[in-house]
Amino acid sequence: MEKEVFNRIKAVLAEKGKTNNWLADELDMNRTTISKWCRNDMQPRVETLFQIAKALDVDVRELLVSSK
């Protein structure tokens, strides 16, 4: 069974030329947590999604997979 993908954090990081480590430093968070988000093993809280969007200078909606 294929794992469901909820966020696009990994894709947006790649589009911006940034790494998981960069994001961990920007948010002052554990690198393992960032990695779990990028693999869609775990999802960030809504408040954290807004922090990620600000760090990456994108609209928060770009971090989510469309439901349509």
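- Under an unreviewed UniProt entry, the protein has the name Helix-turn-helix transcriptional regulator and belongs to Flagellimonas aurea.

## Details of the nonpolar core
Here is step 1 of the chain: Core analysis: the largest hydrophobic core is formed by 16 residues, its most contacted members being Ile-9, Leu-23, Ile-34, Ile-52, Leu-56 and Leu-63.
Here is step 2 of the chain: At the level of secondary structure, the elements contributing two or more residues to this core comprise helix H1 (9-16), helix H2 (20-27), helix H3 (31-38) and helix H4 (46-56).
Here is step 3 of the chain: Element by element, the count of residues in this core is highest for H4, at 4 residues.
Here is step 4 of the chain: Setting aside anything within four residues of it in sequence, one finds Ile-9 in contact with Leu-23, Trp-37, Cys-38, Pro-44, Leu-49, Ile-52 and Leu-63.

## Here we look at unusual backbone geometry
Here is step 1 of the chain: We note that Asp-28 has phi near 55°; this positive angle belongs to a residue other than glycine.
Here is step 2 of the chain: Structurally, Asp-28 is set in the loop between H2 and H3.
Here is step 3 of the chain: Residue class for Asp-28 comes out exposed when judged on its relative accessible area of 73%.
Here is step 4 of the chain: The phi torsion at Asn-40 lies on the positive side, around 60°, for a residue other than glycine.

## A closer look at the pattern of salt bridges
Here is step 1 of the chain: Taken as a whole, this structure holds 6 salt bridges when the rule is applied.
Here is step 2 of the chain: The residue Asp-25 makes a salt bridge to Arg-31 at a minimum N-O spacing of 2.8 Å.
Here is step 3 of the chain: Given the relative accessible area of 51%, Asp-25 is considered exposed.
Here is step 4 of the chain: Classification of Arg-31 by relative accessible area gives partly exposed; the value is 40%.
Here is step 5 of the chain: The partner of Arg-39 in a salt bridge is Asp-41, with the nearest N and O atoms 2.8 Å apart.
Here is step 6 of the chain: Overall, the relative accessible area of 42% leaves Arg-39 in the partly exposed class.
Here is step 7 of the chain: Overall, the relative accessible area of 43% leaves Asp-41 in the partly exposed class.
Here is step 8 of the chain: Put simply, Lys-3, Arg-39 and Asp-41 are held in one network by salt bridges that share partners.

Parameters and conventions
Residues numbered from 1 in each chain as written. Predicted model: local features only at pLDDT ≥ 70, side-chain atom pairs only at ≥ 80, totals over all residues. Heavy atoms only, no water. Core = buried A, V, L, I, M, F, W, Y, C linked by side-chain atoms within 4.5 Å. Buried < 20%, exposed > 50% of the residue type's maximum accessible area, 1.4 Å probe, protein only. Helix = DSSP H or I, 4+ residues; strand = E, 2+ residues; numbered from the N terminus. Contact = heavy atoms within 4.5 Å. Salt bridge = Lys/Arg side-chain N within 4 Å of Asp/Glu carboxyl O.

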